[in-house]
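What the coordinates show
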Amino acid sequence: MGLTSQKLQTLVAVLAVVCFAATVWVWPRLSRRSALTLFGRIGLLLASQLLTLAAIGLVANNWGGFYSSWGDLLGTDQGGTATITNGIADDTAGIQVLGSKPVALMIPGAVGSGGTLQKVMVHGSGTGLSEPAYVYLPPQYRDPAYADRSFPVVLVFTGYPGTPENLITRMKYPTIAAQAIYQKQLQPTVLVLMRPSVQMPRDTECQDVPGGPQAETFFTEDLHQAMAAHYRVGTAGTNWGVIGDSTGGYCALKLTMRHPAAFTAAASLSGYYQAAEDSTTGSLFGGNQQLREQNNLMWRLRNLPSPPVSVLVASSLKGEYDYRATKQFVAAVKAPMRVSSLILPSGGHNFQTWNRETPQALRWLGARLQVPAGRPSAPQPSTPRPSGPPSSCPPPSTPPPSTPPPGGNRPSAGGSATAAGEPS
């Protein structure tokens, strides 16, 4: 049985209850003073405690979506994410479709399709990396009336160590997109749902690691080329946006600020502003302080020209560790970069908070993407869309908690939202 199997969760819970009942029933019979009864009591206690902890752990893992398999938990399942290849042998040029299913609209009385969700493997022809993903295709993609039309793309990131499935089962991105498109609150848009690491269990922070995995190149070049070769999507930076929570939020901001020719807009839900460095990341910069500074988003705002992109940052007045840093980031943005903020009165670093802000953040992001003129013949570099002056974020009246979580600047889960700044 798989780690996330409901049968396993039920079985372990039943065994824990049975073991506890057996301990209560047998305990008086083990009251005699002997080595055998002593070991019997110790064994019963250990078994009941271990089964109880295992049941709680399975429930917590399924709720949080931390590990998707036994190999993922033990760090032995690489999932093909670091496979080195000498080129793509088939004609899909980087996309291997593994399965497909319809997306329900989940709107009472709604008629029609909500689109299609495909499970895929993305092969990077430049980096040699491969990564599992899901691709959401809006209903218009298969509509004959749109046969000659290409679509904008939103890259959706999980946090670390999340799985792409979290974006479907916990955050419901395909359903939210389908509903927004049906209600004409979002233009028909393709979503690519992925985790930000390309070499699990390592957290790469979307970085081209010296002598290691080239995650940044994979997301800014390989992914664009693979998608454009297999789907009718735009290839210009003005056609692409990126959104993510926690680590995914940092990656969204970083990739957009560092590569405005690849992404024109980003939304960060409970993201942070400089790369985490701990036991899960290893050495990201090879001891190069200049490279470390260039990946610090506050350092970039203070020391480098602002890119012509739009960004949305989300946090909570109470309960979110990054609120003060988010205020500082908003205040530091200069033209031609534009910034908006999404601030909840309260909300922790978790799925419940993200679910409250995702619909608005996705609509905000979609409104900043240009519809491609038509189906391109090949991926082409582009000039990013110019933007206006930065917008302001009025400071809330109540001071927030500012102490980051122990062990670094990255919590283990994600984020929050009242909108301020750039109009939607």
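Residues numbered from 1 in each chain as written. Predicted model: local features only at pLDDT ≥ 70, side-chain atom pairs only at ≥ 80, totals over all residues. Heavy atoms only, no water.

1. Comments concerning the side chain of Asn-295
- Within the element layout of this structure, Asn-295 appears in the loop between helix 8 (289-294) and helix 9 (297-303).
- Take Asn-295: its relative accessible area is 1%, and that puts it in the buried class.
- Separated by 2.8 Å, the side chain of Asn-295 and the backbone oxygen of Leu-291 make a polar contact.
- The contacts of Asn-295, once residues within four sequence positions are left out, are Gln-207, Tyr-250, Lys-254, Arg-258, Tyr-273, Gln-274, Ala-275 and Phe-285. (Helix = DSSP H or I, 4+ residues; strand = E, 2+ residues; numbered from the N terminus. Buried < 20%, exposed > 50% of the residue type's maximum accessible area, 1.4 Å probe, protein only. Polar contact = N/O pair within 3.5 Å; in protein donor to acceptor, adjacent residues only side chain to side chain. Contact = heavy atoms within 4.5 Å.)

2. Observations regarding a nonpolar patch on the surface
- A surface patch of nonpolar side chains, amounting to about 520 Å² of accessible area, comprises Leu-38, Phe-39, Ile-42, Leu-46 and Leu-50.
- Relative to the elements of secondary structure, Leu-50 occurs in helix 2 (residues 35-64).
- Taking relative accessible area as the criterion, Leu-50 reaches 57% and is therefore assigned exposed. (Patch = residues over 30% accessible without salt bridge, like charges linked within 9 Å, V, L, I, M, F, W, Y side chains within 5 Å. Areas by Shrake-Rupley, 256 points an atom, 1.4 Å probe, with all protein chains shown as cover. Salt bridge = Lys/Arg side-chain N within 4 Å of Asp/Glu carboxyl O.)

3. Overview of the state of the cysteines
- The final tally for this structure, using the stated rule, is 1 disulfide.
- Each sulfur of the disulfide joining Cys-206 and Cys-251 lies 2.2 Å from the other. One quick way to see it: the torsion about the S-S bond of Cys-206 and Cys-251 is about 105°, and its sign makes the bridge right-handed. With Cys-206 in the loop between strand 5 (190-194) and helix 6 (215-230) and Cys-251 in helix 7 (residues 247-258), the pair connects residues that are 45 residues apart, well separated along the chain.
- A relative accessible area of 0% places Cys-206 in the buried class.
- For Cys-251, a relative accessible area of 0% translates into the label buried. (Disulfide = S-S within 2.5 Å.)

4. Looking at the pattern of salt bridges
- Tallied over the full model, the rule gives 3 salt bridges.
- For Glu-216, the salt bridge goes to Arg-258, with nearest N and O atoms at 2.6 Å. Of the two residues, Glu-216 is situated in helix 6 and Arg-258 in helix 7; the sequence distance between them amounts to 42 residues.
- Judged by its relative accessible area of 3%, Glu-216 is buried.
- For Arg-258, a relative accessible area of 22% gives the class partly exposed.
- Across the pair Arg-292 and Glu-277 runs a salt bridge whose closest N-O atoms are separated by 2.9 Å. Remark: Glu-277 occurs in the loop between strand 7 (265-269) and helix 8 and Arg-292 occurs in helix 8; sequence separation between them is 15 residues.

5. Here we look at helix 11 (residues 351-366)
- The first and last C-alpha atoms of helix 11 sit 21 Å apart over 16 residues, in line with the 22 Å expected at 1.5 Å per residue.
- When helix 11 is considered as a whole, its buried residues turn out to be Phe-351, Thr-353, Trp-354, Glu-357, Thr-358, Ala-361, Leu-362, Trp-364, Leu-365 and Gly-366.
- In this structure Asn-350 caps helix 11, since a side-chain oxygen of it lies 3.2 Å from the backbone nitrogen of Gln-352. (Expected span 1.5 Å × (residues − 1).)

6. Describing the environment of Tyr-134
- Tracing the chain through its elements places Tyr-134 in strand 3 (residues 130-137).
- With 14 residues separating them in the primary sequence, Tyr-134 and Val-120 have C-alpha atoms 5.7 Å apart.
- Residues contacting Tyr-134, with those up to four places away along its chain left out, are Leu-117, Gln-118, Lys-119, Pro-164, Glu-165, Ile-168, Leu-191, Val-192 and Leu-193.
- There is a polar contact of 2.9 Å between the side chain of Tyr-134 and the side chain of Glu-165.

7. A word on the packing of helix 6 against helix 7
- In contact at an axis separation of 11 Å, helix 6 and helix 7 are set at 65° when each is read in the N-to-C sense. When the axes of helix 6 and helix 7 are compared, the pair comes out roughly perpendicular. By crossing handedness, the relation of helix 6 to helix 7 is classed as right-handed. For the pair formed by helix 6 and helix 7, the contact residues are Glu-216, Phe-219 and Thr-220 on the first element and Lys-254, Leu-255 and Arg-258 on the second.
- Residue composition of the contact of helix 6 with helix 7, by class: 2 nonpolar, 1 polar and 3 charged. (Axes fitted to C-alpha atoms, helices over the stretch in contact; angles between N-to-C directions. Parallel < 35°, antiparallel > 145°, perpendicular 65-115°, else oblique. Left-handed = near helix turned anticlockwise from the far one by under 90°. Nonpolar A, V, L, I, M, F, W, Y, C, P; charged D, E, K, R; others polar.)

8. Some points on the confidence of the model for the protein chain
- Residues at a pLDDT of 70 or more form 78% of the protein chain, whose mean pLDDT is 82.
- For the stretch residues 376-409, pLDDT sits under 50, and the model shows 75 contacts to residues farther than four places along the chain or on other chains.
- Low pLDDT, under 50, characterises residues 411-420; the predicted model gives this stretch 53 contacts beyond four residues in sequence or across chains. (pLDDT = per-residue confidence, 0-100.)

9. Some details on the packing of aromatic side chains
- Counted under the stated rule, the structure contains 9 aromatic pairs.
- Look at Trp-240 and Phe-263: their rings are 6.1 Å apart centre to centre, the planes differ by 75°, and that puts the pair in the edge-to-face class. Of this pair, Trp-240 sits in strand 6 (residues 240-245) while Phe-263 sits in the loop between helix 7 and strand 7, and the two are 23 residues apart along the sequence.
- The exposure class of Trp-240 is buried, given its relative accessible area of 0%. (Phe/Tyr/Trp six-rings, centres within 6.5 Å; stacked < 30°, edge-to-face > 60°.)

10. Overview of helix 5 (residues 173-182)
- With 7 of 10 residues buried, helix 5 lies mostly within the body of the structure.
- Where helix 5 is concerned, the buried positions are Tyr-173, Pro-174, Ile-176, Ala-177, Ala-178, Ala-180 and Ile-181.
- Positioned one or two residues after helix 5, Lys-184 has a phi angle of 60°, which is positive.

11. A few points about the environment of Leu-253
- Relative to the helices and strands, Leu-253 resides in helix 7.
- Judged by its relative accessible area of 0%, Leu-253 is buried.
- Sequence spacing of Leu-253 and Val-313 is 60 residues, and the spatial spacing of their C-alpha atoms is 8.7 Å.
- If sequence neighbours within four positions are ignored, Leu-253 has contacts with Ala-266, Ser-268, Tyr-272, Tyr-273, Leu-297, Val-311, Val-313 and Phe-329.

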